Amino acid sequence: MPGEGSSDSSDSGTATAVGSDQQQHAPIAGPLASGTTPSLTLARSLNCEPDALMIMAPFDLFVAQISSDSTEARVDAMKKLAIVGEAMGPEETLTKLIPYLTENIANNEKDDDDEILLILAGQLALLVPGLVPGHAAMPLLPILERLCSTEETVVRDKAVESMNKVVPLLMPGGNYDDGAPFGLLLATAKRLAGADWFTPKVSAAGILPATYAFWNAHASKGESDNEAKRELRILFKDLSEDDTPMVRRSAAKHLGRFVEAVAGLVDTADNLVKSGKAQPAIVDENKRLVTYELVPIFQALSSDEQDSVRLLAVSCAGSVGCGLAREPGVTAEVVLPVVRGGCADLSWRVRHNLAKVFSTVTGSLGFVGPKHSSRQTEVFQFFAGLLQDNEAEVRAAAVENIARMAQLGGADLFQKHIAPLLPALADDLVMEVRSKLAQTLMDCCDPAICNTLTDEIVLEEFKPLLENFLNDEFAEVQLHILTKLSRVSHLLGKMDVVVSSILQMAKAQNWRVREAVGRLLPFLAEARGVAFFQDHLLDPWLKIMSDQVADVRAACVDGMPKLLSVSGSQWIQAELLPHYTQMYEESNFYLTRITVLRCFAALSEKHGEDENDVSTELMQQIVVIMLKGLKDRVANVRMISAKGLALVTISGQCDDATMSSQVVPALSDCVTSETDQEVKYQCQLALDSKA
């Protein structure tokens, strides 16, 4: 059991000396500061004397390692590419390192070590803009273009990811009167999209959205720029119609981002719908391009013969809806038929992908208000069908959207189409479905996610489900409820069965369940009253304080301010602190004494500008127990006590007489006589906090 809690190590570790007694080492300077110090194995793999390694320049060491026959040495060198660049500085990186990579990697067709190429693809993105300014990063593009054409999928994906990070940074600070970045980006896109083999085409679909967005952000509105953007759209269209399914799949995967780029959207569709922001205005020309050029691509890919293409295309429906400015009349003709077909698709993978983004798609349709109630109802019927799908993966993905669907549709549509399905989902044979449902039900009670469901609906629809979930055989399901049940703490007074289940779970074998119960008990005290806490919750609370797992005990520490605000200083002083004092006096286990001290300290801790309402008498008892802890035989207990006195001092709630007559002398004496350096350090910090 002691091994269960990760926090026990912080309680039980021996206090270590801090301060001047520690030996101070001079900072590493010269080539070794780059972090490229080779191990013995790496040193033996290099064709040079060991002494020469110590004086070798970072670039020379990098070249020696990358040219080695040892794979380990080459991998180590490439992993430290960004560090080597920092050691060399921006100028040498641009004049020596990048040209070397271009010549030996980008133009070296024989280098087929996929591990090296994968690391290189990731490291290049780390160079910009911290080391290589954005306007000077164009030499990286040929290297990334070469990596985008490799056979290995992970290398291409990482190269596309890095390209998409570098491209938006090319313009700031640069002087591009000659149109260099635009010409280079267009030529790169054309070469990749026009390659004979499918692998460069797959990468081309991934970089076109960022390239088009770069044009929108920085290019002028001249005829030549419009022609260039038209060429980019044609390239994407050709990729979406390619004979190779892998290319069409890549086009479908990146279609959403390309639609957002063409529409001129700065934010993604998912962020727009989640945040509840108003739809940004879209230029009429951009809307026309989306409608007449990209919608046909969306419709074609959504009905592709390959389900691997369709599943990616239907998940872009939200981006298409936002790209059409969420105009209900347009989305009803363009997006809604695709949603209808996706929900009835014979391939469960298509339905699964659509279920994952269904709330985003619903929000992008723009069906708001009584005028569009019939279409809203139709969408919710589609969603209800996904919730009842034969495949558990589809049901689980759909369940995750319930809270956002309730927010989008309101209480009436929720009660009519979703609520009747909840009992069956709560009894689902697949644990993942129940787990996701437990999580999303608590999200429905979070005003930041969903504020459309009243307390009456929560009590009527959710209370029976919560009772079942708290008795579920899997701790994961229980934890999703327990960790967020505080969101409905004001309703716990009307949930007797739920409260009874929580009390039983205080003895659960899973320590995370016991921790969640400990964090919930102060909220139960608020809901049911202090008398209920004293009669029914005090015993579980004290047992949790003595738990063998540190994280469980910490739950009681964190709950003390809440308990103080609910019960008041007088009740804490009269009913709770005597139990704490008894635990401290009778315990032979120093971790229990630490927990008691931390609980006392938590009462005086100041949170920002807020402070706990601690009476003078209660503060006096806090000081007494802290001073007693300062004389404990275990250094860790004394250290916690010193930290607690620092909190008392910072709070400013302890009267001057007590501070000057008890606290300051005790801390000063500890600084003088204490043998443990860490305890002495904490006592000095406490004294300094008073100053």
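A. Geometry of the overall build of the chain. The number of helices and strands found in the chain is 39 helices and two strands. Across the 691 residues of the chain, 54% fall into the buried class. Sequence separation of at least 24 residues holds for 71% of the intrachain contacts in the chain that already meet a minimum separation of 6. Total accessible area on the chain stands at roughly 30700 Å², and carbon and sulfur atoms take up 51% of it.

B. Representation of the nonpolar core in the model. Ranked by size, the top nonpolar core spans 231 residues in total, and within it W541 and Y580 carry the most contacts. In terms of residue count, helix 35 (residues 590–604) provides more of this core than any other element does, ten residues in total. The residues touching W541, leaving out its near neighbours within four places in the chain, are G518, L521, P522, F533, C556, G559, M560, L563, L576 and Y580.

C. Region of interest: the environment of V202. Note on placement: V202 falls in helix 12 (residues 198–218). Separated by 37 residues in the primary sequence, V202 and L239 have C-alpha atoms spaced 8.2 Å apart. Leaving out residues up to four positions away in the same chain, V202 has contacts with R156, M246, V247 and S250.

D. Region of the structure containing unusual backbone geometry. Backbone torsion omega between V128 and P129 reads -5°, so that peptide bond is classified as cis. Note on placement: P129 falls in the loop between helix 8 (114–126) and helix 9 (140–147). For A325, which is not glycine, the phi dihedral falls at a positive 65°. With respect to the helices and strands, A325 occurs in the loop between helix 18 (317–323) and helix 19 (328–334).

E. Quick peek at the packing of aromatic side chains. In total, this model carries 13 aromatic pairs according to the counting rule given. Aromatic side chains F589 and Y590 sit 6.3 Å apart centroid to centroid with 70° between the ring planes, which places their arrangement in the edge-to-face category. Judged by its relative accessible area of 42%, F589 falls in the partly exposed class. Y590 sits in the buried class, given a relative accessible area of 18%. The structure contains a cluster of three or more aromatic residues connected by ring pairs, namely F59, F62 and Y100. For the cation-ring pair, R528 lies above F532, with the distance from its terminal atom to the ring centre recorded as 4.8 Å.

F. Just helix 30 (residues 496–505), in detail. Those residues of helix 30 lying buried are V498, V499, S501, I502 and M505. Each buried residue of helix 30 lies within a common arc of 160° when the element is viewed along its axis, so the set occupies one face. Contacts made by the buried residues of helix 30 are with helix 28 (455–470), helix 29 (475–482), helix 31 (511–528) and helix 32 (530–545).

G. The packing of helix 22 (residues 358–365) against helix 25 (residues 402–418), seen in detail. Closest axis-to-axis distance for the helix 22/helix 25 pair is 9 Å, and the angle between their directions is 15°. The orientation of helix 22 with respect to helix 25, classified from their angle, is roughly parallel. Helix 25 is crossed by helix 22, and the crossing has left-handed handedness. Contacts from F358, S359, T360, T362 and G363 in helix 22 reach R404, M405 and L408 in helix 25. Looking at the contact of helix 22 with helix 25, its residues break down into three nonpolar, four polar and one charged.

H. Structural view of the environment of A550. Mapped onto the elements, A550 comes out in helix 33 (residues 550–567). When the C-alpha positions of A550 and W511 are compared, they lie 9.7 Å apart, and in sequence the two are 39 residues distant.

I. Molecular detail of the side chain of H372. Position of H372 among the secondary structure elements: in the loop between helix 22 and helix 23 (373–387). With residues up to four places along the chain from it excluded, the contact list for H372 reads P328, G366 and F367.

J. Representation of helix 23 in the model. Given a rise of 1.5 Å per residue, 15 residues ought to cover 21 Å, and the 21 Å separating the end C-alpha atoms of helix 23 matches this to within 8%. Within the span of helix 23, buried status applies to Q376, V379, F380, F382, F383, A384, L386 and L387. Elements that come into contact with the buried residues of helix 23 comprise helix 20 (336–343), helix 21 (348–356), helix 22, helix 24 (392–399), helix 25 and helix 26 (422–426).

K. Spotlight on the state of the cysteines. In this structure the tally under the stated criterion is zero disulfides. In this structure C599 is not part of a disulfide, and its nearest cysteine sulfur, from C556, lies 6.1 Å away. Overall, the relative accessible area of 0% leaves C599 in the buried class.

L. Structural detail: the pattern of salt bridges. Under the criterion given, the structure shown has 35 salt bridges. As a salt-bridge pair, D242 and K201 come within 3.1 Å of each other at their nearest N and O atoms. Placement of D242 in the loop between helix 13 (223–240) and helix 14 (245–263) and of K201 in helix 12 is noted, with a sequence separation of 41 residues between them. With respect to burial, D242 and K201 carry one shared label: buried. Across the salt bridge formed by R519 and D558, the nearest N and O atoms sit 2.8 Å from each other. With a gap of 39 residues between them, R519 in helix 31 and D558 in helix 33 connect regions that are remote in the sequence. Residue classification places D558 among the partly exposed positions, given a relative accessible area of 45%. By sharing partners, the salt bridges in this structure join D443, D446, K484 and R487 into a single network.

M. Quick look at the confidence of the model for the chain. This prediction gives the chain a mean pLDDT of 87; 89% of its residues lie at or above 70. Low confidence marks residues 1–38, where pLDDT is under 50. Its contacts with residues over four positions away, or in another chain, come to 62 contacts.

N. How the structure looks around the environment of G342. With respect to the helices, strands and loops of the structure, G342 is situated in helix 20. By relative accessible area, G342 is classed as buried at 2%. Between the C-alpha atom of G342 and that of N353, which follows or precedes it by eleven residues, the distance is 9.0 Å. What G342 contacts, discounting residues up to four positions off in sequence, is V350, R351 and L354.

O. Geometry of the packing of helix 9 against helix 10 (residues 153–166). With their axes 8 Å apart at the nearest point, helix 9 and helix 10 run at an angle of 155° to one another. With respect to helix 10, the axis of helix 9 lies roughly antiparallel. Read as a crossing pair, helix 9 and helix 10 show a hand that is left-handed. Of the residues in helix 10, those touching helix 9 at L141, L144, E145 and L147 are V155, R156, A159, S162, M163 and V166.

Conventions and cut-offs
In every chain, residue numbers begin from 1 and rise along the written sequence. This being a predicted model, a pLDDT of at least 70 is required before a residue's local features are given, and a value of 80 or more before pairs of side-chain atoms are given or counted; all residues contribute to the totals for chains, interfaces and linings. Side-chain measures were taken over the full set of non-hydrogen atoms in the model, leaving aside hydrogen atoms and water. The numbering of helices and of strands both runs from the N terminus, where a helix is a DSSP run of H or I of at least 4 residues and a strand a run of E of at least 2. Burial here depends on accessible area, computed with a 1.4 Å probe over protein chains only, as a share of the maximum for the residue type. Under 20% is buried, over 50% is exposed, and the range in between is partly exposed. Here a residue-residue contact requires only that any non-hydrogen atoms of the pair lie within 4.5 Å. With residues, only the protein chains shown are counted as cover, and all accessible areas are computed by Shrake-Rupley using a 1.4 Å probe. What is meant by a nonpolar core is a set of buried Ala, Val, Leu, Ile, Met, Phe, Trp, Tyr and Cys residues, joined one to another through side-chain atoms within 4.5 Å. Think of it this way: a Phe, Tyr or Trp ring, Trp meaning its six-membered ring, pairs with another when their centres are within 6.5 Å, and the plane angle makes it stacked under 30 degrees, edge-to-face over 60, tilted otherwise. By definition, being over a ring means that NZ of Lys or CZ of Arg is both within 6 Å of the ring centre and within 35 degrees of the ring normal. The directions from the helix axis to the C-beta atoms are what the arc is built from. Only the contacting stretch of a helix is used when fitting its axis, a line to C-alpha atoms as for every element, and angles between N-to-C directions run 0 to 180 degrees. Relative orientations are named as follows: roughly parallel for angles under 35 degrees, roughly antiparallel for angles over 145 degrees, roughly perpendicular for angles from 65 to 115 degrees, and oblique for any other angle. In this scheme the handedness of a crossing depends on how the near helix is turned from the far one: anticlockwise by less than a right angle means left-handed, clockwise means right-handed. The classification used treats Ala, Val, Leu, Ile, Met, Phe, Trp, Tyr, Cys and Pro as nonpolar, Asp, Glu, Lys and Arg as charged, and all other residues, Gly among them, as polar. Multiply 1.5 Å by the residue count of a helix minus one, and that product is the helix's expected span. The criterion for a disulfide is a pair of cysteine sulfur atoms lying within 2.5 Å. We count a salt bridge whenever a side-chain nitrogen from Lys or Arg sits within 4 Å of a carboxyl oxygen from Asp or Glu. Confidence scores per residue from the predictor, reported as pLDDT, run from 0 to 100.

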